[in-house]
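In case you want the letters, here they are:
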Amino acid sequence: MILLEWLETRTPAPPPRLLHRIVDVLGPNANKDVSSDRLVDAANHLLRELSSRPALARDAALDLLTVDALVTYAFEYAAASPDTLLDETTRAIERLGAIAE
């Protein structure tokens, strides 16, 4: 299934503005097969961008919500495959945690 189509089937549906930002951050990957790695890659990229700023203001709220949604969706997708869930979530946590180092 294509990632954008998968996102559009989530229940509850994300607010339109959040979905638009998620798709924007995913870029061309929104039209590729769904994978938790693609979602984590997008979250990782945006979180690195946010953490490079000297300070965050209210205008960063949508981006912070987008990172949260991308990670949540990555874990949701990973949970559909219990055999690989531990490996996928561990890899995601390690990648995202490396940003704080």
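Whatever comes next refers back to the structure up there.
Quick notes on the rules
Residues numbered from 1 in each chain as written. Predicted model: local features only at pLDDT ≥ 70, side-chain atom pairs only at ≥ 80, totals over all residues. Heavy atoms only, no water. Helix = DSSP H or I, 4+ residues; strand = E, 2+ residues; numbered from the N terminus. Rg over C-alpha atoms; globule rule 2.2 N^0.38 Å. Contact = heavy atoms within 4.5 Å. Lys, Arg positive; Asp, Glu negative; His and termini not counted. Charge placed at Lys NZ, Arg CZ, Asp CG, Glu CD. Core = buried A, V, L, I, M, F, W, Y, C linked by side-chain atoms within 4.5 Å. Buried < 20%, exposed > 50% of the residue type's maximum accessible area, 1.4 Å probe, protein only. Axes fitted to C-alpha atoms, helices over the stretch in contact; angles between N-to-C directions. Parallel < 35°, antiparallel > 145°, perpendicular 65-115°, else oblique. Nonpolar A, V, L, I, M, F, W, Y, C, P; charged D, E, K, R; others polar. Phe/Tyr/Trp six-rings, centres within 6.5 Å; stacked < 30°, edge-to-face > 60°.

> Could you give an account of the overall build of the protein, with specific residues and numbers?
Of the regular secondary structure elements, the protein holds 5 helices and 0 strands. Going from the N terminus to the C terminus, the protein shows its helices and strands as α-α-α-α-α. Over its C-alpha trace the protein gives a radius of gyration of 13 Å, about what one expects of a compact globule, namely 13 Å for 101 residues. Counting only C-alpha atoms and orienting by the principal axes, one finds that the protein spans roughly 40 × 30 × 25 Å. Intrachain contacts of the protein at a sequence separation of at least 6 include 68% that bridge at least 24 residues. Across the protein, the 10 positively charged side chains and the 16 negatively charged ones have centroids separated by 6 Å.

> Before we move on, can you summarise the nonpolar core with the specific residues and values?
In terms of nonpolar packing, the biggest core is built from 26 residues, with Leu7, Ile22, Leu26, Leu39 and Leu70 touching the most fellow members. Looking at this core, the elements that each hand over two or more residues are helix 1 (3-8), helix 2 (16-26), helix 3 (36-51), helix 4 (61-79) and helix 5 (82-97). Leucine 26 has contacts with Leu3, Leu7, Arg38, Leu39, Ala42 and Leu70, leaving out every residue within four places of it along the chain.

> Any chance you could break down the side chain of serine 36 for me, citing the residues and the numbers?
You can see serine 36 is positioned in helix 3. The contact partners of serine 36, leaving out residues within four places of it in the chain, are Ala74, Tyr77, Ala78 and Glu88.

> Report on the packing of helix 2 against helix 4, specifying residues and quantitative values.
Between helix 2 and helix 4, the shortest axis-to-axis distance is 10 Å and the interhelical angle comes to 75 degrees. Viewed along their axes, helix 2 and helix 4 adopt a mutual orientation that is roughly perpendicular. Touching Arg17, Leu18, Arg21, Ile22, Val25 and Leu26 of helix 2 are Leu62, Asp63, Leu65, Thr66, Ala69, Leu70 and Tyr73, all from helix 4. For the contact of helix 2 with helix 4, the per-class residue count stands at 9 nonpolar, 1 polar and 3 charged.

> Describe the packing of aromatic side chains, and please don't skip the residues or the numbers.
What the rule picks out here adds up to 2 aromatic pairs. Pairing tryptophan 6 with tyrosine 73 gives two aromatic rings, centres 6.0 Å apart and planes at 85 degrees, and the pair type is edge-to-face. Highlighted residues: tryptophan 6 in helix 1 and tyrosine 73 in helix 4, separated in sequence by 67 residues. We note that tryptophan 6, like tyrosine 73, is buried.

> Can you lay out the packing of helix 4 against helix 5 for me, pointing to particular residues and giving the numbers?
Helix-helix packing: each pair is described by the crossing angle between the helix axes and the interaxial distance. Between helix 4 and helix 5, the shortest axis-to-axis distance is 8 Å and the interhelical angle comes to 160 degrees. By the criterion of interaxial angle, the relationship of helix 4 to helix 5 is roughly antiparallel. Where helix 4 abuts helix 5, its residues Val71, Phe75, Ala78 and Ala79 lie against Pro82, Leu85, Glu88, Thr89, Ala92, Ile93 and Leu96. When grouped by side-chain class, the residues that make up the contact of helix 4 with helix 5 number 9 nonpolar, 1 polar and 1 charged.

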